[in-house]
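Residue-level listing of the chains:
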Amino acid sequence: MTETLIGTPARNYVGGEWREADSGETYEKHDPWRPSEGTGVFQSSGVADVQAAVAAAASAFPAWAALPAPSRAAIFHRAADAIEARTEAVARDMTAEMGKPLREARMETARAATILRFAAGEAWRPIGEVYAASVPLQRLYTVRRPLGVVGLITPWNFPIAIPVWKLAPALIHGNAVVLKLAHDAPRTGLHVAECFAEAGLPPGVLNVLTGSGSVVGSALVESPDVKAISFTGSVAVGEGVRETATARGARVQLELGGQNPFVVMADAELDRAVEAAYAGAFWSAGQKCTATRRILVQDGAYDAFREKLLARVAAGKVGDPADPETEVGPLVTESAFDDVLAAIERGRDEGGSVAAGGRRGPGDGFLVEPTVFEDVAEDAHLSCEEVFGPVTSLYRFTTLDEALERANAVQYGLSASIFTRDLHAVQRFSEELQAGILHVNSQTAGADVHVPFGGIKGSGFGPHEQGRAAREFFTDAVTVYQDAPLA
């Protein structure tokens, strides 16, 4: 069934039922392209709702953990079918509530189904290893066990992909889940709950709440019955999550910000590099942690690259995200819009010059033109801190040593890219660049579903997400010494 109609309050999904918040309070979400138009009414959940969701998950956990993993996988395949059947509806809801261009929203929705199918395949993998014993007549082996109830706190910028890539490994390995959806993009995530309900997921295994992070997220992090917290969001909030959850002994996984460098050597294929830089910096209006924030170009290619990049920015289609041809849409909220414009103004004040953009875009929405800075100091805000919008900066460098040093000179270490034909440069980049995800001749954004995703330094904490790496966070490894009876 479809739980939400515009004007009809969407409900939380708890214990297999659609429920209103205990307080009865709701909030309305508006279209960032047409701010006067509402896109839905959602529950303002509170502490009592978190407690109910955690209790439902705890009750459902034993039976779900005991269900053979291939039986869990069958539910995943049905949920993936359900997502694929409503791809267009999900994509249009995503575009309306958070402004992602429709073509990207369609791709993200398809990716969510792919993640579920990959996770379903994990059900057939070994759950332990057998080791050589050091004494006679002994079997020595390991097994993996689920943790119990886990809490997932997800952001608005990938409102179906990130909830799914967190809940998929959590559920397939036998945990029960309480998922807190982003305040600014709840409708998209509620589709996931609907699809799992259609697929026959037992009540209480997945519980989904909407509301503010300061209330719902905090209560989830503080709950003594939640064994682990996986959080994606800002550095400041993530550090608070880590401090609170680890203080009570919970396991914590954080995916935080990035200040991602894009290095262009003089021998690079410039047209290809320009297209990758444009996509990395400006798709999703730059609202992703892997976006290209700093473009370092070697002296011999700088002028040509700059000319080509500015031409590409001028040719880009910016505007209504519901237009399938649009490449750059609005920012998610008015506050996000104000923050990005303030960062642009600060960039000017700190000596940077705007080579392209730097202004509000056309229309009434929260649109900022794709912006390219030059002459930005290494200690300036734009060089050191993440601006979550369509803003990037160009820098010159002379040697690879210089490029690597400057690329690493930030607190973050999420993603990085180099464009070159030189295998020596590739080797040094892959060994010395301080980031959890490295790209050679491709953009800084993008991640396949079957490989680890995560950062180092200030960009992350705990085991990485996705792929086989996900089980490190969502399971415990247990070693079993099994000695044969003497008689």
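Let us look at the structure shown here.

If you look at the biggest cluster of nonpolar residues, it comprises 121 residues, and the most contacted ones within it are F76, L116, F196, F262, I295, F305 and L309. In terms of residue count, helix 5 (residues 161-172) provides more of this core than any other element does, nine residues in total. Ignoring any residue separated from it by four or fewer positions in sequence, one finds L309 in contact with V274, A277, Y278, I295, V372 and L394. Within the second largest apolar cluster, 27 residues are counted, among which are F61, I229, L254 and Y412.

Ordered by their spatial adjacency, three strands build an open sheet running 5-6-22, and the pairing between neighbours is antiparallel. Each end of this open sheet is capped by a strand with a single partner; those strands are strand 5 (130-131) and strand 22 (475-483). By the bridge criterion, nine bridges tie strand 6 (residues 138-146) to strand 22 in an arrangement that is antiparallel. When the bridges of strand 22 are listed, Q138 appears paired with D483.

The next subject is the packing of aromatic side chains. Two aromatic rings, taken as a pair, are described by how far apart their centres are and by the angle between their planes. Inspection of the entire model under this criterion finds nine aromatic pairs. Taking 5.2 Å as the distance between ring centres and 50° as the angle between the ring planes, the aromatic pair formed by W165 and F453 counts as tilted. In this pair, W165 sits in helix 5 while F453 sits in the loop between strand 19 (437-440) and strand 20 (456-457), placing the two residues 288 residues apart along the sequence. The pair W165 / F453 is uniform in exposure class, with both members buried. Ring geometry for F473 against F474: centres 4.9 Å apart, planes inclined by 80°, an arrangement best described as edge-to-face. The ring centre of W283 lies 4.7 Å from the NZ or CZ of R103, which sits over that ring.

Examined against the element boundaries, F473 turns out to sit in helix 15 (residues 470-474). Residue F473 is classed as buried on the basis of its relative accessible area of 0%. Sequence separation of F473 and A170 is 303 residues, and the distance between their C-alpha atoms is 8.7 Å. Aside from chain neighbours lying at most four places away, what touches F473 is L147, A228, I229, S230, R251, V252, Q253 and P463.

Each full turn of the α-helix corresponds to 3.6 residues, which orients residues three or four apart in the same direction. Look at helix 3 (residues 87-98): 16 Å from first C-alpha to last across 12 residues, which is about the 16 Å you get at 1.5 Å a residue. T87, V90, A91, M94, T95, E97 and M98 are the residues of helix 3 that are buried. Buried residues in helix 3 make contact with strand 3 (26-30), strand 4 (38-43), helix 2 (69-85), helix 4 (102-122) and helix 6 (186-198). G99 occupies a position one or two residues after helix 3 and carries a positive phi of about 85°.

It is worth spelling out unusual backbone geometry at this point. For residues besides glycine, phi is generally negative; the peptide bonds are generally trans as well. In this structure, N441 is a non-glycine residue whose phi angle is positive, near 60°. Along the chain, the position of N441 falls in the loop between strand 19 and strand 20. Positive phi values are uncommon outside glycine, yet K457 reaches one of about 55°. If you trace the backbone, K457 turns up in strand 20.

A complete count under the given rule lists four cavities of 30 Å³ or more for this structure. Put simply, the largest cavity is a space of about 110 Å³. F118, P169, Q466, G467 and A470 are, among the 14 residues lining the largest cavity, the residues nearest its centre. At the level of secondary structure, the elements contributing two or more residues to the lining of the largest cavity comprise helix 4, helix 5 and helix 15.

This part is about the layout of surface pockets. Here the largest pocket defines a volume of roughly 1,000 Å³. Taken together, 41 residues line the largest pocket, and the ones lying closest to its centre are W156, F231, G233, S234 and V237. Contributing elements (two or more residues each) for the lining of the largest pocket: helix 7 (213-222), strand 10 (228-232), helix 8 (235-247) and helix 11 (334-349). Of the volumes computed, that of the second largest pocket is approximately 420 Å³. The set of elements that each furnish at least two residues to the lining of the second largest pocket consists of helix 4 and helix 5. At four residues, the largest contribution of residues to the lining of the second largest pocket is made by helix 4. Tallied by class, the residues present in the lining of the second largest pocket amount to 10 nonpolar, four polar and six charged.

Let us now look at the packing of helix 9 (residues 270-282) against helix 10 (residues 299-315). Two measures define how a pair of helices packs: the angle their axes make with one another and the distance between the axes. Contact geometry for helix 9 and helix 10: axes closest at 9 Å, N-to-C directions at 50°. Looking at the two axes, helix 9 sits oblique to helix 10. Pair helix 9 / helix 10 crosses with right-handed handedness. Along its contact with helix 9, which presents L270, D271, A273, V274, E275, A277, Y278 and F282, the element helix 10 presents A301, A304, F305, K308, L309, R312 and V313. Tallied by class, the residues present in the contact of helix 9 with helix 10 amount to 11 nonpolar, no polar and four charged.

About the thresholds
- Residues numbered from 1 in each chain as written.
- Predicted model: local features only at pLDDT ≥ 70, side-chain atom pairs only at ≥ 80, totals over all residues.
- Heavy atoms only, no water.
- Core = buried A, V, L, I, M, F, W, Y, C linked by side-chain atoms within 4.5 Å.
- Buried < 20%, exposed > 50% of the residue type's maximum accessible area, 1.4 Å probe, protein only.
- Helix = DSSP H or I, 4+ residues; strand = E, 2+ residues; numbered from the N terminus.
- Contact = heavy atoms within 4.5 Å.
- Pairing = 2+ DSSP bridges.
- Phe/Tyr/Trp six-rings, centres within 6.5 Å; stacked < 30°, edge-to-face > 60°.
- Lys NZ or Arg CZ within 6 Å of the ring centre and 35° of its normal.
- Expected span 1.5 Å × (residues − 1).
- 1 Å grid on protein atoms, 1.4 Å probe; cavity = no way out; pocket = protein on both sides within 12 Å on 5 of 7 lines; lining within 4 Å.
- Points joined across faces, edges and corners; volume = space filled by probe spheres on them.
- Nonpolar A, V, L, I, M, F, W, Y, C, P; charged D, E, K, R; others polar.
- Axes fitted to C-alpha atoms, helices over the stretch in contact; angles between N-to-C directions.
- Parallel < 35°, antiparallel > 145°, perpendicular 65-115°, else oblique.
- Left-handed = near helix turned anticlockwise from the far one by under 90°.

Limitation: the analysis is restricted to geometry and does not speak to function.
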